[in-house]
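# Topology and contacts: notes
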Amino acid sequence: MEPTHKPQGEMVSRDRETPLNRDLWQALVEKAWLVAAILIAAAAAGVWVGQHSPSVYQSRAVVFFDFGEQKVVAIEEVDKREKGGVDFLNTLANNLRSSAILKRAVTAQKLAQHPYFTGGTNTLSDDQVARAISGAVDARLRRFTRLIDVTVELGDPKLAQQIAQSVVDEFIKQSGEDRMGVGQSAGQILIDEERRVKERLAKAELAVQAYVRTNSISLLQDANVMSDEFKNLSSQCTEAKTERLLLDVEWESAKRLSGDLDQLLTLASVSRAPEIASLRDKLHTQEANVSNLKLRYLEKHPAMIQARNELAALKKTFEEEVRRAPLRIQQQREAAVEKEKRLELALKEQEKKLGQLGVQRIEYDRLQREAATERQLYDTIIKRLREIDITTPIKKNDIRVVEPASFSSTPIRPNKRMILLYSLALGSVVAFGLVWLLQQLDTTIKSVDHAERLLGLPVLGAVPRNRLVKDGKSRLFMSDDPQSLCAEAFRSLRASLGLLGREEDRKVVLFTSAVPSEGKSFCCVNYAVAYAQ
């Protein structure tokens, strides 16, 4: 087996580290009282901080959000659309701690007059209290769930529970109000239009009844007078007029709601547009793709960046397409107007060809057609109003309170045990750092090895300290106490000097020191006696 040789640099490094570690350990032993004092002071400070820190209590409520939103586009069909994934839930969490929700909670609970915030002074405003509790309210989404934890941390456990429950309740109320408000403007327009169409329908039916009473019934009941072509044109003209009237309503609604994308999407002509439906499906697919990528990659991963860029581009295209909806409805309305004019012109020409049917029959058919048009338009508006009424209750169960706000009698802060541990850790760092600093600033020689390393000279002998030397008694150990450690140290010094060379070359031995009264005479006399022996 071949011996392994370590590099010389590594051996030198270890030779240097070993004395340094030994010196530091010796300094720690010498300054153990200082280390103990600092640790005791740190522990006392930690206990004091733990005792005098204000107690903080936490109340938590858990809210569940249902992704499935049922949006009624027609009575006979329900479109289940899943909202965005993690981004959507994080947006809801941010809305839970928004200033608007906090202000609603403050107003509902009358917190502006609560002594916890006023401190016995004048009543604060709702905005001031909302800003004061904004830092205490937090809402966080649990990973891989649809649950959001709403927490409130305050010095009063009952007040924390009250605010947490109020924040959740007010958010649910706000969501309900928002859902009720979606399509409210469009619904009001439909109600106004329904009133006008109902009046026109009543007038048209009265006109038909009056005409029947004043003219020949047999002529009016003759079903074979009107040709098939005239019936077809009449039906087409009625449908064109109905389509044009519906587009008028849609156009008026679109003009009023042009600044709100969400309310524009409540219009049937907008939500059912093939371009918007296709973009909406692509947007949902891309949102699901981004949510899946977030589980595998970080935000700055190329795949995540590309997916988010594609999602942003789809959102921008979708918003632009929705904003172009009023223009598209206007174009459809203009086309419907042209179609209605063309059919009316064709119908008039057909009426001339069928002049033999008589003026009474033509007038009766016109009145019947107008009444049928108004009836069809009225039925369509009533159907749309019912759709809006059905949409609202279907959306009411999106948010559920899984766990009401809890009451905790045990504070979450201060954690006295952790404060004590942190204080001891900090005290240890300070103590060891101070000892190391004192050791670096100390220039005295502590040991024989230290002297050899510092001076670069070999040590020939080491004389131990003795209390009698300090008192000035029995300075001559070689004769007074030859069996003592000091006497043995001088005999060892004599032996070491004897190994330095020939006796003729060391006739004179010089004892010296840096300052007076360091023991030159003591060493010289005892060494002389040892040498004489």
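Overview of the structure. (Residues numbered from 1 in each chain as written. Predicted model: local features only at pLDDT ≥ 70, side-chain atom pairs only at ≥ 80, totals over all residues. Heavy atoms only, no water.)

### As for the side chain of Glu 170
Cut-off, in case you're wondering: Runs of E in the DSSP output that reach at least two residues are strands. Runs of H or I that reach at least four are helices, and both are numbered from the N terminus. Partly exposed residues are those whose accessible area sits between 20% and 50% of the maximum for their type, while under 20% is buried and over 50% is exposed, using a 1.4 Å probe and protein chains only. Here, two residues are considered to be in contact whenever any of their heavy atoms come within 4.5 Å of each other.
With respect to the secondary-structure elements, Glu 170 resides in helix 7 (residues 157-181). Assessed through its relative accessible area of 7%, Glu 170 is described here as buried. Apart from the residues lying within four places of it in its own chain, the contact partners of Glu 170 are Ile 101, Arg 104, Ala 105 and Ala 108.

### What to know about unusual backbone geometry
Of note, the amide linkage connecting Arg 413 to Pro 414 takes the cis form, showing an omega dihedral of 0°. Position of Pro 414 relative to the elements: it lies in the loop between strand 6 (399-403) and helix 17 (416-441). We note that Lys 110 has phi near 55°; this positive angle belongs to a residue other than glycine. With respect to the helices and strands, the residue Lys 110 is situated in the loop between helix 4 (99-109) and helix 5 (115-118). Among the residues examined, Lys 110 registers a relative accessible area of 61% and is labelled exposed.

### As for a nonpolar patch on the surface
Selection criterion: Here, patches come from residues exposed beyond 30% relative accessible area and free of salt bridges, joined within 9 Å for like charges and within 5 Å for nonpolar side chains (Val, Leu, Ile, Met, Phe, Trp, Tyr). Areas reported here follow the Shrake-Rupley algorithm with a probe of radius 1.4 Å; residue values treat only the protein chains shown as occluding. Between Lys or Arg on one side and Asp or Glu on the other, a salt bridge is scored when a side-chain nitrogen of the former is within 4 Å of a carboxyl oxygen of the latter.
Where nonpolar side chains cluster on the molecular surface, the patch consists of Leu 434, Trp 436, Leu 437, Leu 438 and Leu 441 and spans about 460 Å² of accessible area. Within the secondary structure, Leu 438 sits in helix 17.

### Some words on the packing of aromatic side chains
Put simply, the rule is: Two aromatic rings from Phe, Tyr or Trp, using only the six-membered ring of Trp, form a pair when their centres are within 6.5 Å; if the ring planes differ by under 30 degrees the pair is stacked, by over 60 it is edge-to-face, and anything between is tilted.
Counted according to the given criterion, the structure contains five aromatic pairs. An angle of 80° between the planes, with centres 5.2 Å apart, marks the rings of Tyr 116 and Phe 117 as edge-to-face. By relative accessible area, Tyr 116 is classed as partly exposed at 39%. Here the aromatic rings of Phe 511 and Tyr 527 are separated by 5.7 Å at their centres, their planes lie at 55°, and the arrangement is tilted. Of the two residues, Phe 511 is situated in the loop between helix 21 (485-498) and helix 22 (520-532) and Tyr 527 in helix 22; the sequence distance between them amounts to 16 residues. These aromatic residues form a ring-pair network of at least three members: Phe 511, Tyr 527 and Tyr 531.

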